[in-house]
Each structure stands twice: as structure tokens, then as C-alpha cells.
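The chain contents come next:
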Amino acid sequence: MAMIRVGDTVSPILEMHKVGEVVELYDKKHTTMLVGGTLGTFRVALVKLQGHDELVEWRIRDIMRVD
């Protein structure tokens, strides 16, 4: 798995037609507690979509770099 950095061009694995540039990386807390789990954090990338002024949040585990 490749490391995602700010400035990388990325796309979600299940929606390859959406492409954008990573603007920020940060941790986000879980808000739902499930049985047998802990309330930890997960990595999120804030992405600016190409051709739009829209910012979206994608989990790091759900995206891949586009070369």
C-alpha cells in the first residue's frame, strides 16, 4: 500500500471516475460504539475534486494514488 501525502492525486477505489488532490490529512474520532470495539480514530484525507470547488472527506483506506 502506497503512502498518501498532501499534494497527491487520488481517487476512491470504488468510484474511480472521481479524482482530486489531497489538501489535508488528519485523524477523525469514531462517534458510534459497536459491541467488542473501542472508540479510536481513523485517518481521513480532505480532497479537492478536479474541476470543482468542492472539498470531500475520504478515508485513507478507501483511496489510491493516481499517477
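Scroll up to find the structure.
Attention in this report is confined to the structure presented alongside it. (Residues numbered from 1 in each chain as written. Predicted model: local features only at pLDDT ≥ 70, side-chain atom pairs only at ≥ 80, totals over all residues. Heavy atoms only, no water.)

As a further point, take the pattern of salt bridges. Under the definition given, this model contains three salt bridges. The residue Arg43 makes a salt bridge to Asp27 at a minimum N-O spacing of 3.2 Å. One end of the pair, Arg43, is in strand β3 (residues 41-49); the other, Asp27, is in strand β2 (residues 20-29), with 16 residues separating them in the sequence. Residue classification places Arg43 among the partly exposed residues on the basis of a relative accessible area of 39%. A salt bridge links Lys28 to Glu57; the shortest N-O distance between them is 2.8 Å. Note that Lys28 is positioned in strand β2 and Glu57 in strand β4 (residues 55-59), a separation of 29 residues in sequence. For Glu57, a relative accessible area of 40% corresponds to the partly exposed category. (Salt bridge = Lys/Arg side-chain N within 4 Å of Asp/Glu carboxyl O. Helix = DSSP H or I, 4+ residues; strand = E, 2+ residues; numbered from the N terminus. Buried < 20%, exposed > 50% of the residue type's maximum accessible area, 1.4 Å probe, protein only.)

Further remarks concern the sheet that holds β3. Consider a sheet: its strands pair through backbone hydrogen bonds, and that pairing is either parallel or antiparallel. An order of β4-β3-β2-β1-β5 is seen for the five strands of this open sheet, with the pairing classed as antiparallel. The open sheet is flanked by β4 and β5 (63-65), the only strands paired with a single partner. Each strand axis lies, on average, 40 degrees off the axis of its neighbour in the sheet, ignoring direction. Inspection of the sheet shows β3 paired to β4 by five bridges, in the antiparallel sense. Residue Ala45 lies in a different strand from β4, and its bridge partner there is Trp58. (Pairing = 2+ DSSP bridges. Axes fitted to C-alpha atoms, helices over the stretch in contact; angles between N-to-C directions.)

Turning our attention to a nonpolar patch on the surface. A contiguous nonpolar surface patch, about 430 Å² in accessible area, is contributed by Ile13, Leu14, Met16 and Met64. Tracing the backbone shows Met16 in the loop between β1 (9-12) and β2. In this structure Met16 comes out as partly exposed when scored by relative accessible area, which is 44%. (Patch = residues over 30% accessible without salt bridge, like charges linked within 9 Å, V, L, I, M, F, W, Y side chains within 5 Å. Areas by Shrake-Rupley, 256 points an atom, 1.4 Å probe, with all protein chains shown as cover.)

This paragraph deals with the packing of aromatic side chains. Tallied over the full model, the rule gives zero aromatic pairs. Above the plane of the ring of Phe42 lies Arg59, whose end atom (NZ or CZ) is 4.2 Å from the centre. (Phe/Tyr/Trp six-rings, centres within 6.5 Å; stacked < 30°, edge-to-face > 60°. Lys NZ or Arg CZ within 6 Å of the ring centre and 35° of its normal.)

For Ser11, the location among the structural elements is in strand β1. Within polar-contact distance, the side chain of Ser11 engages the backbone oxygen of Met16 at 3.3 Å. If we ignore the near neighbours within four places in the chain, the residues touching Ser11 are Met16, Lys18, Val19, Trp58, Asp62, Ile63, Met64 and Val66. (Polar contact = N/O pair within 3.5 Å; in protein donor to acceptor, adjacent residues only side chain to side chain. Contact = heavy atoms within 4.5 Å.)

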